[in-house]
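Understanding the architecture of this molecule
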Amino acid sequence: MTRRPRLFPTTAAGATAALLLLTACGGGGTEPKGHDEIAGAGGARSASPGVRATPPAGRPEIELPSDLTYTFEWPKTGDEDKDAVLRDSEQFIKAVDMAIAEQEPLHEAYRFYSEGAAAAGSQKFIQEFVAYKDRVTGAKRYYNSKVSINSDGTAGFVYCEDQNKAYNRSLKTGKAEVTPESKDNYVLYSSLLRVNKQGVWITEKLTSQRGSAACQS
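I will try to describe carefully the structure that is included in this document. Fair warning: this is a prediction, and the values are worked out from it, not measured in the lab.

This paragraph deals with the overall build of the protein chain. Check the secondary structure of the protein chain and you find four helices and nine strands. Ordered by position from the N terminus, the helices and strands of the protein chain form the series α-β-β-β-α-α-α-β-β-β-β-β-β. Burial analysis of the protein chain (217 residues in total) assigns 52% to the buried set. Counting only contacts in the protein chain whose residues sit at least 6 apart along the sequence, the fraction spanning at least 24 positions is 73%.

Turning our attention to the side chain of asparagine 164. Relative to the helices and strands, asparagine 164 is located in the loop between strand 5 (155-162) and strand 6 (166-170). Excluding anything up to four places from it in sequence, asparagine 164 contacts Glu181, Ser182, Asn185 and Tyr186.

What sets the pattern is the α-helix's 3.6 residues per turn: residues three or four places apart point alike. In a regular helix each residue adds 1.5 Å, so 17 residues correspond to 24 Å; helix 4 (residues 116-132) covers 25 Å between its end C-alpha atoms and thus fits that length. Listing the buried residues of helix 4 in full gives Ala118, Ala119, Gly121, Ser122, Phe125, Ile126, Phe129, Val130 and Tyr132. The inward-facing, buried residues of helix 4 abut helix 2 (80-101), helix 3 (108-112), strand 4 (134-149), strand 6 and strand 9 (201-210). Trailing helix 4 by a residue or two, lysine 133 shows a phi angle of about 60°, which is positive.

Attention shifts here to the packing of helix 2 against helix 4. Contact pair helix 2 / helix 4: the axes reach a minimum separation of 9 Å and the direction vectors enclose 35°. Both helix 2 and helix 4 take part in a crossing whose hand is right-handed. Facing helix 2, whose interface residues are Phe92, Val96, Ala99 and Ile100, helix 4 presents Ala118, Ser122, Phe125, Ile126 and Phe129.

Let us now look at the pairing of strand 5. Of all eight residues in strand 5, eight are buried; the element is thus mostly enclosed. Neither face of strand 5 is exposed, since Ala155, Phe157, Tyr159 and Glu161 on one face and Gly156, Val158, Cys160 and Asp162 on the opposite face are all buried. Linking strand 4 back to strand 5 in an antiparallel pair, the connection comprises five residues, with glycine 153 at a positive phi of about 95°. In terms of strand pairing, strand 5 meets strand 8 (residues 186-195) through eight bridges, oriented antiparallel. From the neighbouring strand, glutamate 161 faces strand 8, where its bridge partner is valine 187.

Counting across every chain of the model gives 11 aromatic pairs. Ring geometry for phenylalanine 72 against tryptophan 74: centres 4.9 Å apart, planes inclined by 65°, an arrangement best described as edge-to-face. Here tyrosine 159 and tyrosine 189 contribute two aromatic rings whose centre-to-centre distance is 5.1 Å and whose plane-to-plane angle is 25°, an arrangement assigned as stacked. Here tyrosine 189 lies in strand 8 and tyrosine 159 lies in strand 5, a separation of 30 residues in the sequence. Tyrosine 189 carries the same exposure label as tyrosine 159, and that label is buried. The ring of tyrosine 70 is capped by lysine 94, whose NZ or CZ atom sits 5.4 Å from the centre of that ring. Stacked on the ring of tyrosine 143, the Lys or Arg arginine 141 has its end atom at 4.0 Å from the ring centre.

It is worth spelling out the environment of glutamate 161 at this point. The residue glutamate 161 is located in strand 5 in this model. Along the chain, glutamate 161 and asparagine 185 lie 24 residues apart, while their C-alpha atoms are 7.9 Å from each other. At 2.9 Å, the side chain of glutamate 161 forms a polar contact with the side chain of tyrosine 142. Within the local environment of glutamate 161, its side chain forms a polar contact with the side chain of glutamine 163, the two groups lying 2.9 Å apart.

What counts, and where the lines are drawn
Residues numbered from 1 in each chain as written. Predicted model: local features only at pLDDT ≥ 70, side-chain atom pairs only at ≥ 80, totals over all residues. Heavy atoms only, no water. Helix = DSSP H or I, 4+ residues; strand = E, 2+ residues; numbered from the N terminus. Buried < 20%, exposed > 50% of the residue type's maximum accessible area, 1.4 Å probe, protein only. Contact = heavy atoms within 4.5 Å. Expected span 1.5 Å × (residues − 1). Axes fitted to C-alpha atoms, helices over the stretch in contact; angles between N-to-C directions. Left-handed = near helix turned anticlockwise from the far one by under 90°. Pairing = 2+ DSSP bridges. Phe/Tyr/Trp six-rings, centres within 6.5 Å; stacked < 30°, edge-to-face > 60°. Lys NZ or Arg CZ within 6 Å of the ring centre and 35° of its normal. Polar contact = N/O pair within 3.5 Å; in protein donor to acceptor, adjacent residues only side chain to side chain.

Function-wise, these values are silent; they only describe arrangement.
Set out below in structure tokens:
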């Protein structure tokens with residue numbers, strides 16, 4: 001029997017570095033932070049209209065189920081590059097969720113915002129939801145963000161996610177698996193990004209740590 005996917009994958013690699021960056025910022029969340037393997041939660045496309053965001057020219061349109069909502073507590077930094085990292089990382093997260101909702105492991109939207117290990121990890125994660133015929137419903141909150149631009153032009157991004165109000169929903173039965181709140185629902189992410197020729201900040205690496213104490217303060 002196929003193992004039911006968790007809302008977000010957990011990888012140990014890079015978690016320590018992300019934790020140090022987060023705590024060094026005081027955990028207050030005035031800038032973004034990073035991640036390496038995406039966790040997404042989308043919803044299946046249904047007859048009722050979802051949430052649709054009109055993208056800038058050349059970018060994929062992100063359309064999500066109306067029962068999946070986000071709160072991004074990522075204050076703008078005032079730095080053009082850092083704010084672009086925040087903006088494109090948000091789109092990456094939503095694009096993975098849309099791929100899960102539409103049950104498409106090779107969806108063009110998340111591949112527009114990712115390459116390398118991050119894209120491969122996202123594809124594998126989405127496939128787990130497809131295999132189990134699940135999507136995600138509820139509300140997800142992102143906070144405690146910290147972004148830095150490195151000397152080589154890449155960017156490091158660390159942030160937290162609260163999954164306590166997000167749940168798996170079966171596409172076969174339509175029922176949501178409502179689970180109790182838990183420390184495991186707090187996830188710390190760390191990502192490495194680079195800007196491409198189109199000016200889009202692409203996520204190349206993404207790591208996560210479930211149950212992070214830094215995200216519970």
